Amino acid sequence: MARRAVEQELSRERILEAARHLFVTKGYRSISMRSIGQHLGYSHGSLYYHFKEKAELFYAIVVEDFNHLGQLLLQAMARSSKDGLTKPEHVMMEFIRFGLQNPYQYEIMFMIRDEELLAYCRAEQNRCYELFAAIIRHHMNHKNYTNEERIQLPHSLFLSIHGFISYYIQDRLPFEEVRAEAASHVNIMCSRL
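Predicted model only: the values in this text are computed from it and were never measured.

About the thresholds
- Along each chain, residue indices are assigned from 1 in the same order as the chain's sequence is written.
- Per-residue local features of the predicted model are confined to residues with pLDDT of at least 70, and side-chain atom pairs are confined, for both listing and counting, to 80 or more; whole-chain, interface and lining totals are unaffected and use all residues.
- Excluding hydrogens and water, the side-chain figures rest on all heavy atoms present in the structure.
- Where helices and strands are cited, they refer to DSSP runs of H or I of at least four residues and of E of at least two residues respectively, numbered from the N terminus.
- Relative accessibility decides the category of a residue: with a 1.4 Å probe and only protein chains considered, values under 20% of the type maximum give buried, values over 50% give exposed, and everything between is partly exposed.
- In this description, contact between two residues means that some pair of their heavy atoms is separated by no more than 4.5 Å.
- Here, Shrake-Rupley sampling with a 1.4 Å probe gives the accessible areas, and only protein chains in the shown set may cover a residue.
- We define the nonpolar core as a collection of buried residues of types Ala, Val, Leu, Ile, Met, Phe, Trp, Tyr and Cys that are connected through side-chain atoms lying within 4.5 Å of one another.
- Multiplying one less than the number of residues by 1.5 Å gives the expected span of a helix.
- Stacked, tilted and edge-to-face are the three classes applied to pairs of Phe, Tyr and Trp rings, where Trp contributes its six-membered ring and a pair requires centres within 6.5 Å; stacked means planes under 30 degrees apart, edge-to-face means over 60, and tilted covers the rest.
- Comment: the charge-over-ring label is applied if NZ (Lys) or CZ (Arg) is within 6 Å of the ring centre and within 35 degrees of the ring normal.

Asks: What exactly am I supposed to notice about the overall build of the protein chain here?
Replies: In terms of helices and strands, the protein chain carries nine helices and zero strands. Shown N-terminal to C-terminal, the secondary structure of the protein chain runs as helices and strands in the order α-α-α-α-α-α-α-α-α. Expressed along its principal axes, the backbone C-alpha trace of the protein chain runs to roughly 65 × 35 × 30 Å. A total of 193 residues make up the protein chain; the buried ones form 48% of that total. Across the protein chain, the fraction of contacts at a sequence separation of at least 24, relative to all contacts at a separation of at least 6, is 68%. Working note: accessible area of the protein chain is about 10,300 Å², and carbon and sulfur atoms make up 50% of it.

Here it is as C-alpha cells:
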C-alpha cells in the first residue's frame, strides 16, 4: 500500500483511541508501537508518520484527554445551572460524568501508577486541578472564607470527586446508574460552600 494511502486511512485519532485502550488494558510497558500497529491492522512504520515514539503517543493521549475535560468544566461553569444545582455542583457533576463515561481515559489521566508515565501526567493533572480550584474559588469569592479555606476546600472537593469516580469506575457503571448518588454526594460536599 502506498504511503499516501496509509496516511489517509490511518488517522491520528484512530491511533490515539487504539493506543489508549491498549495502554489501559495491557499496560504501557507491555505495548509497543508494533503491537499498536498490529491491533489496527497496519505496520508499526505507519504509526511513525504521526508519532516519533511510544512516549510521544502516550503524552498526546494525556494532553487530549485533559484538554477535553478542561473544556467540559469551563462549559459547565458557563452554562446556567439546571436541576437546582449550584455552579460548583454542576461542575462537579460534569467531572464525575466525564470520569464514568470515559473510564479508560480517566484511568490514564489520574490512576496510572507507572513512575515513568506519571512524569507525563503530573503537569496535566496539576493544570486540571488548578482549573477546578479556580472555578471553585470564583464561587467562594462571594462569601467570607479564610485563606486556608480558599486553599483547602477546593482540594478537598477535588479529592472527594476523584474518590467517588475511583470507587464506581471499578464496576464500569454508567453515569446514569449512579446519577442520584453522585448528586447526593456533590450536594453534601458543597454544603460547605
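Once the structure has been displayed, the description carries forward.
Asks: Teacher, can you tell me more about the nonpolar core here?
Replies: Looking at soluble globular proteins, one finds that nonpolar side chains tend to be buried together. Core analysis: the biggest nonpolar cluster contains 65 residues, and F23 and F95 have the highest contact counts within it. When residues of this core are traced back to their parent elements, those giving at least two are helix 2 (12-26), helix 3 (33-40), helix 4 (54-78), helix 5 (87-101), helix 6 (103-111), helix 7 (115-140), helix 8 (147-169) and helix 9 (175-190). With twelve residues, the top contributor of residues to this core is helix 4. Once residues lying within four places of it in the same chain are set aside, the contact partners of F95 are L69, L73, Y106, F110, C128, F132, F158, I161 and I165.

Asks: I'm lost on the environment of D171 in this one. Help?
Replies: Tracing the backbone shows D171 in the loop between helix 8 and helix 9. Residues D171 and Y129, spaced 42 residues apart in sequence, show a C-alpha to C-alpha distance of 25 Å.

Asks: Can you help me understand helix 2 in this one?
Replies: Residues separated by three or four positions in an α-helix point in the same direction, a consequence of the helix having 3.6 residues per turn. Counted at 1.5 Å a residue, the expected span for helix 2 with its 15 residues is 21 Å, and the 21 Å between its end C-alpha atoms agrees. Where the residues of helix 2 are buried, they touch helix 3, helix 4 and helix 6. At the exit of helix 2 stands G27, carrying a positive phi of roughly 95°.

Asks: What exactly am I supposed to notice about the packing of aromatic side chains here?
Replies: The description of two aromatic rings rests on the distance between their centres and on the angle between their planes. Scanning the model with the defined rule gives 14 aromatic pairs in all. Aromatic pair F95 and Y106: ring centres 6.4 Å apart, planes at 80°, arrangement edge-to-face. Remark: Y106 occurs in helix 6 and F95 occurs in helix 5; sequence separation between them is eleven residues. We classify F95 as buried; its relative accessible area is 0%. Accessibility expressed as a relative area gives 0% for Y106, which makes it buried. Among the aromatic residues, those joined into a ring-pair cluster are F66, F95, Y106, F110, Y129, F132 and F158. Of note, K54 hangs over the ring of Y28, and the distance from its end group to the ring centre comes to 4.1 Å.

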